[in-house]
Amino acid sequence: MAAIRLRWQLLLAVVMFFLGLMLSVQFKAQQALSTALEYQSTETLVAMWKDLNAKKELLQKELEQLQTQETSLGQQSFAGKNAKEELQRELVKLKTATGLVAVSGPGITVTLSGDSPVIALDLVDLINELWASGAEAIAVNGHRINALSAVGETRVGDEYFLTLDGRRLFYPIVIQALGDPDTLEKGLTFPGGLIDNFNTLYAIYPRIEKHERLQLPPAPVINWRYARPEAESTGAKS
Amino acid sequence: MRRWYIYLTIIAAICGTLFAWVYLTQAKYRAQSLESRNRNLVQVIRALEVETQNLENEIAARRQRLDAITRQQAEREDEVKALSQELQAARLQAGLVALEGPGIIVTLDDNREGALRAQTGGTGAYRPEDFIIHDKNLLYLVNELKRAGAEAIAINRQRLVTGSDIRCVGSAILVNTTRLVPPYEIRALGDPDTLASALENGQELPFLKGKGFPVSLTKMERITVPAYKGSWSTSHLAPATENPEENRATAAP
């Protein structure tokens, strides 16, 4: 009886084993069937295809937008670079013209030896005449002239001397003017011109020399105490 | 013994059902995998999947590039901002900005009455040049103003800047190469008392008054001096700076 029972149990175990095996195989097959595209129903596949098409269209639109954005940004970037270069050019030009930076170029020097007395107004005339003759930058004894530069004269005891912006000028007074050397020289030396007057009226004989290259230092920066930019003014563009 | 049959029957039934189920599944498997209608659809879907993946990658790369450009642009904007501030300061120094503040207004006019008297008086020696304001009068007056600390000067709305000249052509006075018509109005910004006393104790104003020219000097609490409207010639100049970039910038015409 015990032997029969053992046989049955053995048989049952074998049967159960195969049953389990089959269940697991079936489970795997079912799983593969539900995930693989090939085993989806046609309706599901069509739905998926539609979804993907819609997604693709959206992505393409996005890409186009990004492309447009990049192009316009690139143009802006180019414009920005241009604006920067334009500003730099303008800045350098202004600084150069108004004496905010050291400059170099061709020009002439006018030297007053001091053998004959020179008064402040002579120097005022000389500087004015150089500007009128096309000078682009002027310095006197190495002091760059700006919009507010003034020539003065001072007497200390018996000593009489010229000043430029409050600083004493020692002889020889050398005026450096940058610009076309020939034009500058002619502007001073034409008959009846400034040098002619200096010679005949005051016995002043300035020495004029042309130079291929002169270098002038920057002018002092103007500091305003009373003046301020006009309230609503934006200023005029040069 | 009957119990065993019952068990066996149940197991057989389960096995049978299972076999049937497996068979059906496998049959479906085979049937569908061979369906060519769906195979095309599957291929299309696979291709679409690859395509959208590529698009997504490209979009990501492009976004990154845009980000870099935007950052670079922001940097350049900062530079441009700094440059325009510097330019504004330079424009102020150059006289390209109108200024306001306390100051004085001096007006000078030709001595028409004196000229008329001299002409009709018939004393013989009528010299017209004795009765008109000359460029030198303005030039020397302006020098006195600058010496007294004037912070901005304009004659008949012509702002005096670096390089401004005052000269005459015939009997016309030119400032900044613009012809001026009398009466001449000189505006100077600065301490009104200092400027006024410098002129009154100077040479030019007493000289003109003595000659009978109509001269007036008014101290003002607030006047404006216009901006320079002309240009500068810098064709012979090169900035002598240590910055080679600035040198290049002006080397170009």
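Please refer to the structure higher up on the page.
Residues take numbers from 1 onward in each chain, read along the sequence in its written order. Throughout, the order in which chains and ligands are written sets their labels, letters from A for the former and numbers from 1 for the latter. Note on the predicted model: pLDDT of at least 70 is required for a residue's local features to be given, and 80 or more for side-chain atom pairs to be given and counted; whole-chain, interface and lining totals, by contrast, use all residues. Computation of side-chain values covers all heavy atoms of the structure but excludes hydrogens and water.

Chemist: I tried to follow the pattern of salt bridges on my own but got confused; where do I start?
Modeler: Note that side chains of opposite charge can pair when their charged atoms are close. Salt bridge, as used here, is a side-chain nitrogen of Lys or Arg placed within 4 Å of a carboxyl oxygen of Asp or Glu. Within this structure, the stated rule accounts for 21 salt bridges over all chains. Note that R167(B) is salt-bridged to D165(B), the shortest N-O span being 2.5 Å. Judged by relative accessible area, which is 25%, R167(B) ranks as partly exposed. Categorising residues by exposure relies on relative accessible area from a 1.4 Å probe, with only protein chains included: less than 20% of the type maximum marks a residue as buried, more than 50% marks it as exposed, and the intermediate range marks it as partly exposed. Overall, D165(B) belongs to the buried group, its relative accessible area being 4%. One salt-bridge network, held together by shared partners, links E70(A), E58(B), R62(B) and R65(B).

Chemist: What exactly am I supposed to notice about unusual backbone geometry here?
Modeler: As a rule of thumb, non-glycine residues mostly have phi less than zero, and peptide bonds are mostly trans rather than cis. Omega for the bond connecting Y171(A) with P172(A) falls within 30 degrees of zero, at -5°, which places this linkage in the cis form. Only runs of H or I of at least four residues qualify as helices and only runs of E of at least two qualify as strands under DSSP, and these elements are numbered from the N terminus. Tracing the chain through its elements places P172(A) in the loop between β6 (167–168) and β7 (173–178). Here the amide bond leading from P182(B) into P183(B) is cis, since omega sits at 5°, within 30 degrees of zero. Inspection of the secondary structure assignment puts P183(B) in the loop between β6 (178–180) and β7 (184–189). Phi at T177(B) takes a positive value of approximately 60°, unusual for a residue other than glycine. The topology assignment puts T177(B) in the loop between β5 (172–175) and β6.

Chemist: Would you mind going over the interface of chain B and chain A with me for this structure?
Modeler: Think of interface size as the accessible area that goes away when the parts come together; that is how it is often given. Residue contacts are defined here by distance: any two heavy atoms, one from each residue, within 4.5 Å place the two residues in contact. Of the residues lining the interface, 97 residues belong to chain B; the matching set on chain A comes to 96 residues. Taken together, the two surfaces of chain B and chain A that pack against each other cover about 9500 Å², and 66% of this comes from carbon and sulfur. Simply put, the buried area is the total loss of 1.4 Å probe accessible area from both parts when two parts are fitted together. Together, Q93(B), E151(B) and H236(B) form the three largest contributors to the area buried by chain B at its contact with chain A, with a combined 8%. Counting every contact that joins chain B to chain A gives nine salt bridges. The partner of R63(B) in a salt bridge is E62(A), and the shortest N-O contact between them spans 2.5 Å. Think of a polar contact as two N or O atoms within 3.5 Å of one another; within protein, one of them needs to be a possible hydrogen donor and the other a possible acceptor, and neighboring residues in sequence only count if both atoms come from side chains. On the surface where chain B and chain A come into contact, there are 25 residue pairs in polar contact (both at pLDDT 80 or more). When residues of the side of chain B that touches chain A are traced back to their parent elements, those giving at least two are α1 (2–33), α2 (36–94), β1 (99–108), α4 (135–147), β4 (166–169), β8 (215–225), β9 (238–239) and α7 (244–251) of chain B.

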